[in-house]
Structures are given as C-alpha cells and as structure tokens.
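# Geometric and topological summary
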Amino acid sequence: MPETNPETHVIDFRAAEQLLASRDPRGAIKLLDSVIAAHPESRAARLLRARAYFASAQLRAAEREFQHIVDHEPDNAFAHFALARTFQRAGRPDQAQRHFRLAAALDPKPEYLEAARFDT
C-alpha cells in the first residue's frame, strides 16, 4: 500500500470536489473514503462525501454522514437542510420537516424558509 501524506489528502479532497461538480459522485466517494480514513474528524470531507452519497442516491449512507455532521455541529444549517432533503427523498416527511425547520431557524435563507413551511 503506498504511503500517503497530508498533501495527497488535500489533492484527493479537491479532486473529489471536482468529480462531484462533474456529476461523478461515485468517483468522489472513492477518493473521500481514503481521506476520511486518514482524517475521520474532517467535517469538510464528511460533508462532501454525504453530498456525494445523496447525489448517487445512496440515501442511508447520506443520512449517516449528514447525521454525523449535525451531531458534531448542531448549528450547521446546511447539514440540517441536506439531512432534511435526504429524509424527504427517502419518504420520511416528518423527520424531514423537523430538520427543514431547524435549518431555517439557524439560517433564514429563502430556500430554507420555503422548505420549512412555517405557515402550515
């Protein structure tokens, strides 16, 4: 197994960002797995991998990663919003609604407020 260094992980992270932007979430996940194995505390890598899981319709894995972020950063509005979208896509509207509302309460972005549907 080749030895890796921190620069390799940064390169892999940046390449994974590009793969996700290029609509290759599975390629991004492969790169991020080694980054997260070396740096399990990296919230940025976990968030990117969660987005890649979501984009590749691996909803349980996406849920697990977004939940990890929310557990460690309860004030991360984007993570709550993305977790809510994951629940919504998985057909779990009650859980989705809770996290949509948390996202909107943490950051009143128009898309968060619209998804939260406070008027209902």
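Residues numbered from 1 in each chain as written. Predicted model: local features only at pLDDT ≥ 70, side-chain atom pairs only at ≥ 80, totals over all residues. Heavy atoms only, no water.

### A few points about the domain arrangement of the chain
Structurally, the chain comprises domain 1 (1–56) and domain 2 (59–119). With centres defined by C-alpha atoms, the gap from domain 1 to domain 2 works out at 22 Å. Contact with domain 1, which involves 8 residues of that partner, is made by 13 residues of domain 2. Both sides of the domain 1 and domain 2 interface together cover about 1200 Å² of buried area, and 67% of this is carbon and sulfur. At the boundary of domain 1 and domain 2, one finds 3 salt bridges. For the salt bridge of R49 with E65, the shortest nitrogen-to-oxygen distance reads 2.4 Å. Residue composition of the side of domain 1 that touches domain 2, grouped by class: 4 nonpolar, no polar and 4 charged. (Domains from an automatic or database assignment. Contact = heavy atoms within 4.5 Å. Buried area = accessible area lost by both parts, 1.4 Å probe. Salt bridge = Lys/Arg side-chain N within 4 Å of Asp/Glu carboxyl O. Nonpolar A, V, L, I, M, F, W, Y, C, P; charged D, E, K, R; others polar.)

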